[in-house]
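For reference, the chains in residue letters:
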Amino acid sequence: MARVTVLGSGAWGTALARLALTNGNQVQIWSRRGPSDLATAVADADIVVSAISMKGVAALAGQLQAANLKSSTILVTATKGLDPETTRTPSKIFRDTFPDNPIVVLSGPNLSKEIEAQLPAATVVASTDVDALTRVQQVYASETFRIYTSPDPVGAELGGTLKNVVAIAVGVCDGLKLGSNAKAALITRAIPEMLRVGVHMGAQIETFYGLSGLGDLLATCDGTLSRNYRVGYGLAHGKKLDQILDELGSTAEGVNTTHVLIDMANREGIPVPIARQVHRLLRGVITPQEAVEGLMERELKPEACDLNARN
Ligand SMILES: NC(=O)C1=CN([C@@H]2O[C@H](COP(=O)(O)OP(=O)(O)OC[C@H]3O[C@@H](n4cnc5c(N)ncnc54)[C@H](OP(=O)(O)O)[C@@H]3O)[C@@H](O)[C@H]2O)C=CC1
Ligand SMILES: O=C(CO)COP(=O)(O)O
């Protein structure tokens with residue numbers, strides 16, 4: 001049994017709290033709008049699980065620091081995004097803020113509605129701290145939630161983060177009714193793009209072929225349970241981005257991730273053609289049809305690609 005505090009009472013925080021509770025752990029949820037103050041909520045926790053949107057992570061890390069989080073507390077991050085100011089992943093933000101705490105990433109094909117319905121699912125917990133990995137695995141593993149471990153936290157969270165950009169593109173593809181061939185090509189060609197960014201940011205390539213990479217890419221590109229997919233689908237139907245996000249009423253991290261990713265790709269010369277079309281589409285400078293043309297009309301090239309290629 002562990003004392004677990006989940007930060008964030010959105011769809012994913014609630015599901016992660018319920019999973020830990022069902023396994024017999026002592027669980028509380030903290031939310032910025034809730035009655036409990038952060039310092040009290042984390043004071044006795046063995047494990048703090050952060051499941052808030054990316055836009056709040058850097059500030060939350062600062063608040064946790066001010067709350068004097070114990071150095072033995074395991075920090076688990078379940079957010080899938082990149083910091084707009086620094087391009088850091090959440091685990092990097094927590095690592096920089098809490099150099100002595102064990103940091104664990106939890107990421108996988110985990111659409112919260114299916115988890116809440118107790119359908120079978122698997123995920124990855126990733127850390128360089130083996131004891132922390134074992135502890136988090138024990139807290140979450142159940143008959144319906146299978147937990148694998150990985151030594152590559154950055155790779156695990158980048159898989160979950162970058163696939164959101166692809167899910168927007170696939171939503172456009174389905175919204176335009178471009179067919180199964182187009183969708184397969186899009187998802188497959190997104191993989192080297194994700195790998196290039198991953199390698200640049202220090203991830204291990206094999207992690208992208210596991211649950212937190214390919215697994216999450218497939219789950220999120222499968223259809224309307226994904227909010228990022230719904231963003232693309234709505235754009236293909238001529239809706240404005242603001243209207244789509246209003247209707248979603250919850251987080252679609254792929255929008256922010258696309259902007260951060262393109263800033264980084266421009267700075268570092270990383271070729272990301274699919275993300276680039278998504279970026280233009282999100283900014284409203286091209287139509288969905290023009291995004292498709294932009295991808296199809298590029299120069300012809302071999303399939304095998306250099307993961308260290310620069311523009
Ligand atoms: N839902 C899913 O299936 C999965 C989601 N994720 C990831 O988990 C993260 C959260 O997603 P999800 O729960 O679905 O999103 P929701 O939109 O349902 O909830 C977002 C949560 O983040 C909180 N939040 C937002 N901004 C801040 C801030 N500035 N400071 C503190 N808290 C903040 C919200 O608080 P408030 O309610 O007060 O606004 C809310 O609790 C995302 O990165 C997502 O990609 C990962 C796997 C699965
Ligand atoms: O990350 C997720 C599933 O693993 C959730 O995807 P969406 O944020 O697109 O709904």
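Within an unreviewed UniProt entry, the label attached to the protein chain reads Glycerol-3-phosphate dehydrogenase [NAD(P)+], and the organism entered is Leptothoe spongobia TAU-MAC 1115. Turning to the protein chain, the UniProt record has this under Pathway (unreviewed entry): "Membrane lipid metabolism; glycerophospholipid metabolism." Among the UniProt annotations of the protein chain, the heading Subcellular location (unreviewed entry) holds the following wording: "Cytoplasm".

Novice: Is there a simple way to think about the domain arrangement of the protein chain in this case?
Specialist: Many analyses report the size of an interface as the accessible area lost when the parts associate. For the protein chain, the domain assignment lists domain 1 (3-151) and domain 2 (154-296). Using C-alpha coordinates to define each centre, domain 1 is positioned 24 Å away from domain 2. Contact between domain 1 and domain 2 buries roughly 2000 Å² in total, counting both sides, with carbon and sulfur atoms accounting for 65%. If you sort the residues of domain 1 by the area they bury against domain 2, Lys80, Leu82 and Leu111 come out on top, with a joint share of 30%. Applying the counting criterion to the domain 1 and domain 2 interface returns 1 salt bridge. Between Lys80 and Asp216 there is a salt bridge whose closest N-O contact spans 2.7 Å. Between domain 1 and domain 2 we count 8 residue pairs in polar contact (both at pLDDT 80 or more) in total. Among the secondary structure elements, those contributing two or more residues to the side of domain 1 that touches domain 2 are α4 (90-97), β5 (103-107), α5 (112-116) and β6 (121-126). Here the element with the most residues in the side of domain 1 that touches domain 2 is β6; it accounts for 4 residues.

Novice: What should I look at first to understand the site of ligand 1 in this one?
Specialist: The environment of ligand 1 is made up of 22 residues, and the closest members are Arg32, Arg33, Arg227, Thr251 and Glu253. The separation between an oxygen atom of ligand 1 and a polar side-chain atom of Glu253 is 2.7 Å. Here the shell around ligand 1 is built from residues that sort into 6 nonpolar, 10 polar and 6 charged. Among the domains, domain 1 (3-151) and domain 2 (154-296) are the pair contributing at least three residues each to the shell around ligand 1.

Novice: I'm lost on the UniProt feature "binding site: substrate" (unreviewed entry) in the protein chain in this one. Help?
Specialist: UniProt records the feature "binding site: substrate" (unreviewed entry) at Lys80, Arg227 and Asn228, using the numbering of this structure. For the residues just named, distributed over 149 residues, the greatest C-alpha separation is only 12.8 Å, placing them together at one site. Relative to the elements of secondary structure, Lys80 occurs in the loop between β4 (74-77) and α4. Residues within four places of Lys80 in sequence aside, it is in contact with Ser107, Gly108, Gly160, Thr161, Lys163, Asn164, Asp216, Glu253 and Thr257. A distance of 3.0 Å separates a polar side-chain atom of Lys80 from the backbone oxygen of Gly108. Residue placement: Arg227 occurs in helix α10 (residues 227-236).

Novice: What is the right way to read the pairing of β6 from this model?
Specialist: Working note: regular strand, side chains alternate between the two faces of the sheet. Among the 6 residues in β6, 6 count as buried, and that is most of the element. Side chains Ala121, Thr123 and Val125 project from β6 onto one buried face, and the interleaved Ala122, Val124 and Ala126 project onto a second face that is buried too. Two elements, β5 and β6, share 3 bridges in a ladder whose sense is antiparallel. Looking across to β6, one finds that Val105 is bridged to Ala126. Of the pairings in the sheet, the one linking β6 to strand β7 (residues 145-150) comprises 6 bridges and is parallel in character. Looking at the pairing, Ala121 lines up with Phe145 of β7.

Novice: Looking at this structure, I do not really get the sheet that holds β4. What am I missing?
Specialist: Two modes of strand pairing occur in sheets, parallel and antiparallel, and in both the strands are linked by backbone hydrogen bonds. Taken in spatial order, the 7 strands of this open sheet run β2-β1-β3-β4-β5-β6-β7, and their pairing is mixed. If you trace the sheet from one side to the other, it starts and ends with β2 (26-30) and β7, each paired once. On average, each strand axis in the sheet is tilted by 25° relative to the strand beside it, whichever way the strands run. With respect to the sheet, helix α7 (residues 153-175) is in contact with β4, β5 and β6, its orientation differing from that of β5 by roughly 30°.

Novice: Is there a simple way to explain the UniProt feature "binding site: NAD(+)" (unreviewed entry) in the protein chain in this structure?
Specialist: Under the UniProt annotation, "binding site: NAD(+)" (unreviewed entry) lies at Gly8, Ser9, Gly10, Ala11, Trp12, Gly13 and Arg227. Structurally, Trp12 is set in helix α1 (residues 11-22). Here Gly13 shows up in helix α1. The class of Gly13 is buried, set by a relative accessible area of 0%. In contact with Gly13, other than residues within four places in its own chain, are Val6, Gly8, Ile29 and Ala51.

Novice: What should I look at first to understand the packing of helix α12 (residues 254-268) against helix α13 (residues 273-283) in this one?
Specialist: Each pair of packed helices can be described by the angle between their axes along with the distance between the axes. Between α12 and α13, the shortest axis-to-axis distance is 9 Å and the interhelical angle comes to 125°. As judged from the angle between their axes, α12 and α13 are oblique. Crossing hand, α12 versus α13: left-handed. Within the contact between the two elements, α12 uses Val255, Thr258, His259, Leu261, Ile262, Ala265 and Asn266 and α13 uses Ala275, Arg276, Val278, His279, Leu282 and Arg283. In terms of residue class, the contact of α12 with α13 is built from 7 nonpolar, 4 polar and 2 charged.

Rules of the game
- Residues numbered from 1 in each chain as written.
- Chains lettered and ligands numbered in written order.
- Predicted model: local features only at pLDDT ≥ 70, side-chain atom pairs only at ≥ 80, totals over all residues.
- Heavy atoms only, no water.
- UniProt positions renumbered as here; feature names shortened; annotations may be inferred.
- Domains from an automatic or database assignment.
- Buried area = accessible area lost by both parts, 1.4 Å probe.
- Salt bridge = Lys/Arg side-chain N within 4 Å of Asp/Glu carboxyl O.
- Polar contact = N/O pair within 3.5 Å; in protein donor to acceptor, adjacent residues only side chain to side chain.
- Helix = DSSP H or I, 4+ residues; strand = E, 2+ residues; numbered from the N terminus.
- Near = heavy atom within 4 Å.
- Nonpolar A, V, L, I, M, F, W, Y, C, P; charged D, E, K, R; others polar.
- Contact = heavy atoms within 4.5 Å.
- Buried < 20%, exposed > 50% of the residue type's maximum accessible area, 1.4 Å probe, protein only.
- Pairing = 2+ DSSP bridges.
- Axes fitted to C-alpha atoms, helices over the stretch in contact; angles between N-to-C directions.
- Parallel < 35°, antiparallel > 145°, perpendicular 65-115°, else oblique.
- Left-handed = near helix turned anticlockwise from the far one by under 90°.

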